[in-house]
Amino acid sequence: MKDLNLEIARLLQRAGLGGLHSEWEIRIVVIAGILLVSYLATKAFRRLIIPALQKISSRTRATWDDHLFQDKVMHGACRLIPPIVWYILLPLAFDSSPVLLELLRKGCLIYLIVVALMLVSVFLDTLREISDEHETLRNRPLQGIYQMIKLLSVSVGCILVVSILIGRDATTILAGLGASAAVLMLIFRDSILGLVAGVQLSANDMLRPGDWITMAKYGADGYVTEVSLTTVKVQNFDKTITTIPPYALVSDSFQNWRGMRECGGRRIKRSVLLDASTVRFCTPEETERLLKEGLAQKEDLSEDVVNMRIFRSYMQRYLKSNPGIRPDLLQMVRTLQPTSEGIPVEIYCFTKATDWIPYETFQSALFDHIIAILPRFGLRIYQRPAGTDFRRNPTGNP
């Protein structure tokens, strides 16, 4: 080091600065040289290497390299250069002051860890952008996994910083933390459970952003807007936001309507209650009228023709001919167990419309038709009598 100082002194004399002979004067010049080298290295990386890498990535067909070599990632990598240069060259200026040199090198290492954590964060954000553009990974709940990796990297960085400050090996600190694992498990319980639940949700394809889910226990009925490490946000149809812990979606039951959207058919399963007193055999005149009006076909007629049976056959044909109903999915008109409020006749089919408003509009129109056509078969929907009915007919007789 003394030889180096002599060489620097000779260079300064040649440059006309021969008056600088003290150790600190020479040290200041060396520090200025170190700062200049780090500045020039950073500028060269930004002006030469980064444009070259971006130019090469722009010529490839893949798009992921465009994200990896974008400005925010490259600038994050650029921040690593100054602490590395300082750490290597500082012994040239402080070789005679080992205590100060050790302190400055610790500062460089801490600075390097901080900028490395910043680079990891930017890199993970870039990976999330790449996965959002990938057709297979776009709908996977990967944000929670990225957040957990960030949390782990910050935890490791904090352990390294502490180990540098106290001058102990990082493994010793980890061993000490192992003794307090129960406390750490309690503190990071939600994060750990969220990470495990996120992996299960992603691996089993149970949930994707944009899915319509229903979870009555948490009052959720709407679309998933965000899947993070500790919460799943659901925007309900009343525009409120429900937050659910990810592990609750794994441990409890919830309904995902994605299958309905993917198959392109939404189910109608609704009954009308017929008044049992209106179910009867049809007269020859009635069967003749139903044939003329197209409400019945000859195969529906037999020796004992029941009006409810003809109605069911008519509705089965109506469903098959309706353009708003999926013909390739199950269609059924059936009679359920009679109750004290009438005989339920259930309509079971799938509509082509899956969005809420078109689906409800079609379903309402379908049952409007059913209610309006029932009297043509001599049937009537059961309805409990109101007070006005008793006032009109005080005797209670039909």
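This structure is a prediction, so every number in the text was calculated from the model and none was measured. (Residues numbered from 1 in each chain as written. Predicted model: local features only at pLDDT ≥ 70, side-chain atom pairs only at ≥ 80, totals over all residues. Heavy atoms only, no water.)

(A) Expanded view of unusual backbone geometry. Of note in this structure, Lys-239 is not a glycine but carries a positive phi near 75 degrees. The topology assignment puts Lys-239 in the loop between β3 (232-236) and β4 (241-244). A relative accessible area of 63% means that Lys-239 is categorised as exposed. (Helix = DSSP H or I, 4+ residues; strand = E, 2+ residues; numbered from the N terminus. Buried < 20%, exposed > 50% of the residue type's maximum accessible area, 1.4 Å probe, protein only.)

(B) Summary view of the environment of Ile-34. In this structure, Ile-34 sits in helix α2 (residues 23-58). Separated by 59 residues in the primary sequence, Ile-34 and Ala-93 have C-alpha atoms spaced 8.7 Å apart. Apart from residues lying up to four places away in sequence, Ile-34 is in contact with Val-85, Trp-86, Leu-89, Leu-90 and Ala-93. (Contact = heavy atoms within 4.5 Å.)

(C) Structural context of the nonpolar core. Counting 29 residues, the largest nonpolar core has Phe-311, Met-315, Ile-347, Leu-366, Ile-370 and Phe-377 as its most contacted members. Sorting the residues of this core by element identifies β6 (266-274), α14 (307-321), β8 (343-351) and α15 (356-373) as the ones contributing at least two each. In this structure, Leu-201, Met-215, Val-234 and Ile-244 belong to the second largest nonpolar core, which totals 13 residues. (Core = buried A, V, L, I, M, F, W, Y, C linked by side-chain atoms within 4.5 Å.)

(D) Here's a closer look at the packing of aromatic side chains. A full pass over the atoms with the stated rule returns nine aromatic pairs. Ring centres 4.4 Å apart and planes at 10 degrees place the aromatic pair Trp-212 and Trp-257 in the stacked group. Of this pair, Trp-212 sits in strand β1 (residues 212-215) while Trp-257 sits in the loop between β5 (255-256) and α12 (258-263); the two residues are 45 residues apart in sequence, bridging distant segments of the chain. Given the relative accessible area of 7%, Trp-212 is considered buried. Owing to a relative accessible area of 23%, Trp-257 belongs among the partly exposed residues under this scheme. By the ring-pair criterion, three or more aromatic residues cluster together here, those being Trp-212, Tyr-223, Phe-237, Trp-257 and Trp-356. (Phe/Tyr/Trp six-rings, centres within 6.5 Å; stacked < 30°, edge-to-face > 60°.)

(E) Region of the structure containing the pairing of β3. Side chains Val-232, Val-234 and Asn-236 of β3 all project onto a buried face; the interleaved residues Lys-233 and Gln-235 project onto a face where none is buried. When strand β2 (residues 220-227) meets β3, the two strands line up antiparallel, connected through five bridges. By the bridge assignment, Val-227 is partnered in β3 with Val-232. What sits between the antiparallel neighbours β2 and β3 is a turn of four residues. Where β3 folds back on β4, the antiparallel hairpin that results is connected by four residues, among which Lys-239 adopts a positive phi of roughly 75 degrees. (Pairing = 2+ DSSP bridges.)

(F) Just a nonpolar patch on the surface, in detail. On the surface, Leu-36, Tyr-39 and Leu-40 cluster together into a nonpolar patch covering about 320 Å² of accessible area. Examined against the element boundaries, Leu-40 turns out to sit in helix α2. The exposure class of Leu-40 is partly exposed, given its relative accessible area of 48%. (Patch = residues over 30% accessible without salt bridge, like charges linked within 9 Å, V, L, I, M, F, W, Y side chains within 5 Å. Areas by Shrake-Rupley, 256 points an atom, 1.4 Å probe, with all protein chains shown as cover. Salt bridge = Lys/Arg side-chain N within 4 Å of Asp/Glu carboxyl O.)

(G) Main features of the side chain of Ser-163. The residue Ser-163 is located in helix α7 (residues 143-166) in this model. The exposure class assigned to Ser-163 is buried, which follows from its relative accessible area of 8%. At a separation of 2.6 Å, a polar atom in the side chain of Ser-163 contacts the main-chain carbonyl oxygen of Leu-160. (Polar contact = N/O pair within 3.5 Å; in protein donor to acceptor, adjacent residues only side chain to side chain.)

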